[in-house]
Amino acid sequence: MTPDHASEQPFTRALDGVATPDGVTTVTIEGRDQEFGFGGATFELTLPRN
């Protein structure tokens, strides 16, 4: 059994160096874990303009 992260709240992950194609202005994020799969709720993030 994988331990939960109840004592590590808020639990976050970081991901560096992700490239997006030209013209992409938003990404959609959805949580997923090995036990329950995708969470169902999504979050749309507008990417900053450089």
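Above: the structure in question.
Residues numbered from 1 in each chain as written. Predicted model: local features only at pLDDT ≥ 70, side-chain atom pairs only at ≥ 80, totals over all residues. Heavy atoms only, no water.

**Regarding the overall build of the protein chain**
Counting its regular elements, the protein chain contains zero helices and two strands. Scaling as 2.2 N^0.38, a compact globule of 50 residues should have a C-alpha radius of gyration of about 10 Å, whereas the protein chain reaches 14 Å, well beyond that. With the C-alpha coordinates of the protein chain rotated into their principal frame, the extents come out at 40 × 20 × 15 Å. In the protein chain, which comprises 50 residues, the proportion classed as buried is 0%. Expressed as a percentage of contacts within the protein chain between residues at least 6 apart in sequence, the contacts between residues at least 24 apart total 6%. Roughly 5,200 Å² of accessible area belongs to the protein chain as shown, and the carbon and sulfur atoms make up 52% of that amount. (Helix = DSSP H or I, 4+ residues; strand = E, 2+ residues; numbered from the N terminus. Rg over C-alpha atoms; globule rule 2.2 N^0.38 Å. Buried < 20%, exposed > 50% of the residue type's maximum accessible area, 1.4 Å probe, protein only. Contact = heavy atoms within 4.5 Å. Areas by Shrake-Rupley, 256 points an atom, 1.4 Å probe, with all protein chains shown as cover.)

**Points about the environment of A14**
Examined against the element boundaries, A14 turns out to sit in the segment before β1 (26-33). We classify A14 as exposed; its relative accessible area is 74%. On a C-alpha basis, the gap between A14 and T42 in space is 18 Å, while along the polypeptide they are 28 residues apart.

**With respect to the pairing of β1**
Sheet topology note: the β1/strand β2 (residues 37-46) ladder contains seven bridges and is antiparallel. Its bridge partner lying in β2, R32 is registered against F38. (Pairing = 2+ DSSP bridges.)

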